[in-house]
Every structure is written in structure tokens, then in C-alpha cells.
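Okay, here's what each chain looks like letter by letter:
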Amino acid sequence: MKNNSFRVISLWSTKVSNLDQSIHSNIWGLGDLIRGTFQLYQICRKHNLSFELDFRNHPISQIMIQKSEYKYTKTSKINFHMFLNTIEMEKFILKAANNKENELFIMTNGCLPLSDIYANHFEKFINKHFQLKDEYRHLLEKSLPPPKSYEILHIRLGDDYLIENKNKITKNILMILMSNLNKDTILISDSNYLKDYAKRNFSARTLPTQPTHFGLKINAKQTFDNYLEFTILRGANNIKTFSNYSWISGF
């Protein structure tokens, strides 16, 4: 029989208890965490289960107001869960719902396939939770260009450039810059070297932000820079994205 008091809490953290972590493995960006939270939200909506987001253990709490509608027992152990597909995730949630525990604390980056079911509901949910503290809200308002007045060229070169500060511009990267930069383009990249190169050689429009990995323990300034780029991406008229990875950037 289903536990009517059961609720799912999507936890965000940079540290988990069940995986070995390094600066190159088992760290998750903002897009990863939003995707995982969205899919958990979908399953809970589908089965009428209570759902909450808790990011008190994540650097984003430095700039966001933590809003929780529920009081629950704080967990000292955060496990990261990977799922092969949404069916597997749904079975995991429903199995937990039938146990005697009242809460499931879970951190995940989601899985394929993706669906837009409940997308409008989730947008309201995440916007309610993404409430900046006053000083960062004012800073964001001053930093944003008018919406739909620009396009984005988003180049993700990977952790070698982001974390190890690799500084090589390949012919492919050069061709991407030459073919896609124009006066309405804002270049966003995880490489400071690429941003500086594009400004010097192409007069590219960039942001005064410091690229960082959202899955690392970063300070409030770095967290805000990351969120500013995310928000500017959301307001773009068009986004062109290139990645050194075989998958598209979740950011």
C-alpha cells in the first residue's frame, strides 16, 4: 500500500557519499542538476507524490534564498543515483514510496529519454526556488542585456580548458569563431583563453565572468557568474553551441 505521507527531496551538493569524486569525475553542472530535478518532479506529479528541492548543501545557496514548504529530517548522507532510463527511475521512486520511510533524499542528473510533460509546471516550480538574494538580484538586473536582442555562441571546450587551463586554439575552433561571430553575438565559453583570444582577434563580445565548474566548491562570485551566464542563455534569440564532448552541453 502506498505511503501517503511520502515525499521526495531532490538534494543538490558538491559532495556525495557513494562515489569517488575528483575534479574530473563525478561532478555535476547546473544543467545536470536541473535536468535530474525536472525528471524527479515529473514522476512525482504523475503519481501525486510530494516533492521538494533542497540546495542548502550546494554553492548556489550562497546567492539564492532556500525556500522549503516542508519540515523534514535533515540527512547527513547524500547519495548520487544514476539511471539507465526514465522507467528505471520511476520504478526506483515508486519502490521507495511503498516502503515505511516517509522521505527519499536523492541527487541525480537524470537520464534519457527526456520529455516535456509538466514542463510549464516545472518552470513555475524552479522559478519559485530560484529567488536571488537582494544584492545578487540587483546585480543580475544591471548585468542582463535586453532579452531577445542578442544571440549566443556557446563553445564548450571541456575540463582541460576549464580546470587545467589548456590554451590551444585548434583549426576547428578558429573556423567556428570565423563562421559564427557577428555584431549581435555574445560568446560564452568554459575557456578564459578562448574568450580573450576571440576578443583580441575578432572583437568578440564576451561577459566579464570567470568560467567555473558548478560541481566544484566555488565562492559566491563564481556561483553568480555561472548563474548569470545561464540566465543570459535563457534570454537569447538564438543559441549556437559547439562542444568537445560527444553530447550537447546541459548548461
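On a predicted model such as this, the values are computed, not experimentally measured, just so you know.

How each quantity is defined
Residues numbered from 1 in each chain as written. Predicted model: local features only at pLDDT ≥ 70, side-chain atom pairs only at ≥ 80, totals over all residues. Heavy atoms only, no water. Pairing = 2+ DSSP bridges. Helix = DSSP H or I, 4+ residues; strand = E, 2+ residues; numbered from the N terminus. Contact = heavy atoms within 4.5 Å. Axes fitted to C-alpha atoms, helices over the stretch in contact; angles between N-to-C directions. 1 Å grid on protein atoms, 1.4 Å probe; cavity = no way out; pocket = protein on both sides within 12 Å on 5 of 7 lines; lining within 4 Å. Points joined across faces, edges and corners; volume = space filled by probe spheres on them. Nonpolar A, V, L, I, M, F, W, Y, C, P; charged D, E, K, R; others polar. Salt bridge = Lys/Arg side-chain N within 4 Å of Asp/Glu carboxyl O. Buried < 20%, exposed > 50% of the residue type's maximum accessible area, 1.4 Å probe, protein only. Arc of directions from axis to C-beta. Parallel < 35°, antiparallel > 145°, perpendicular 65-115°, else oblique. Left-handed = near helix turned anticlockwise from the far one by under 90°. Core = buried A, V, L, I, M, F, W, Y, C linked by side-chain atoms within 4.5 Å.

## Let's talk about the sheet that holds strand 7 (residues 205-206)
Okay, so step 1: Strands sit in the order 7-6-5-8 across an open sheet of four strands; the sheet is parallel. Because the sheet does not close on itself, it has two edges, and the strands there are strand 7 and strand 8 (238-243).
Okay, so step 2: Where strand 5 (residues 151-156) and strand 6 (residues 185-189) come together, five bridges link them in parallel fashion. Within strand 6, the position partnered with Leu 153 by the bridge is Leu 187.
Okay, so step 3: Seen against the sheet, helix 6 (residues 171-180) touches strand 5, strand 6 and strand 8 and runs at an angle of roughly 180° to strand 5.
Okay, so step 4: The strands touched by helix 7 (residues 192-202) within the sheet are strand 5, strand 6 and strand 7, with strand 6 carrying the most contacts at an inclination of about 150°.

## Some words on the layout of surface pockets
Okay, so step 1: A volume near 220 Å³ is recorded for the second largest pocket.
Okay, so step 2: Taken together, Gln 39, Gln 42, Ile 43, Lys 46, Thr 86, Ile 87, Glu 90, Pro 113, Leu 114, Ser 115, Ile 117 and Tyr 118 make up the lining of the second largest pocket.
Okay, so step 3: Elements with a contribution of two residues or more to the lining of the second largest pocket: helix 1 (30-46) and helix 2 (86-97).
Okay, so step 4: With four residues, the top contributor of residues to the lining of the second largest pocket is helix 1.
Okay, so step 5: For the lining of the second largest pocket, the class distribution of residues is six nonpolar, four polar and two charged.

## Focus: unusual backbone geometry
Okay, so step 1: Omega for the bond connecting Leu 112 with Pro 113 falls within 30 degrees of zero, at 0°, which places this linkage in the cis form.
Okay, so step 2: Tracing the sequence through the fold places Pro 113 in the loop between strand 4 (103-108) and helix 3 (119-129).
Okay, so step 3: Although it is not a glycine, Asn 26 adopts a positive phi angle of roughly 55°.
Okay, so step 4: Of note in this structure, Tyr 118 is not a glycine but carries a positive phi near 65°.
Okay, so step 5: By the element assignment, Tyr 118 lies in the loop between strand 4 and helix 3.

## As for the sheet that holds strand 3 (residues 80-81)
Okay, so step 1: Pairing is parallel in the open sheet, where four strands are placed in the order 2-1-4-3. Where the open sheet ends on each side, the last strands, each with one partner, are strand 2 (50-57) and strand 3.
Okay, so step 2: Judged from the six bridges that link them, strand 1 (residues 7-13) and strand 2 form a sheet pairing that is parallel. Residue Ser 13 lies in a different strand from strand 2, and its bridge partner there is Asn 57.
Okay, so step 3: Where helix 1 meets the sheet, it contacts strand 1, strand 2 and strand 4, and its direction lies at approximately 180° from that of strand 1.

## What about the pattern of salt bridges?
Side chains that differ in charge, positive against negative, can pair when their charged atoms come close.
Okay, so step 1: Overall, the coordinates contain eight salt bridges when judged by the stated rule.
Okay, so step 2: Among the ionic pairs, Asp 32 bridges to Arg 35, the shortest N-O distance being 3.0 Å. Taken together, the residues Asp 32 and Arg 35, both in helix 1 and three residues apart, mark about one turn of the helix.
Okay, so step 3: Judged by its relative accessible area of 23%, Arg 35 is partly exposed.
Okay, so step 4: Put simply, Asp 134 and Arg 137 hold a salt bridge, and the shortest N to O gap is 3.1 Å. With a gap of three residues between them, Asp 134 and Arg 137 both fall in helix 4 (residues 134-143), about one helical turn apart.
Okay, so step 5: The structure contains a network of salt bridges with shared partners spanning Asp 134, Arg 137 and Glu 141.

## Focus on helix 3
Helical periodicity: at 3.6 residues per turn, an α-helix aligns residues three or four positions apart in one direction.
Okay, so step 1: Within helix 3 the residues assigned to the buried category are Phe 122, Phe 125, Ile 126 and His 129. The arc that holds the buried residues of helix 3, viewed along the axis, is 90°, so those residues lie on one side. Exposed positions of helix 3 whose direction lies more than 90 degrees from the buried face are Asn 120 and Lys 124.
Okay, so step 2: Elements that come into contact with the buried residues of helix 3 comprise helix 1 and strand 2.

## Observations concerning the packing of helix 6 against helix 7
Okay, so step 1: Contact geometry of helix 6 with helix 7 gives a least axis separation of 12 Å together with a crossing angle of 50°. If you check the angle between helix 6 and helix 7, you find them oblique. Here helix 6 and helix 7 pass one another in a crossing that is right-handed. Contacts from Ile 173, Leu 174, Leu 177 and Met 178 in helix 6 reach Leu 194, Tyr 197, Ala 198 and Phe 202 in helix 7.
Okay, so step 2: When the residues that make up the contact of helix 6 with helix 7 are grouped by side-chain class, the tally is eight nonpolar, no polar and no charged.

## Regarding the nonpolar core
Okay, so step 1: Residues Trp 12, Ile 60, Ile 63 and Phe 130 are the most contacted members of the largest nonpolar core, which totals 56 residues.
Okay, so step 2: When residues in this core are grouped by element, the largest group, eight residues, is from helix 1.
Okay, so step 3: Each residue touching Ile 60, except ones within four places of it in the same chain, is listed here: Trp 12, Leu 30, Phe 55, Phe 130, Phe 214 and Thr 223.
Okay, so step 4: Counting twelve residues, the second-largest nonpolar core is a separate cluster that includes Tyr 161, Ile 173, Leu 177 and Leu 194.

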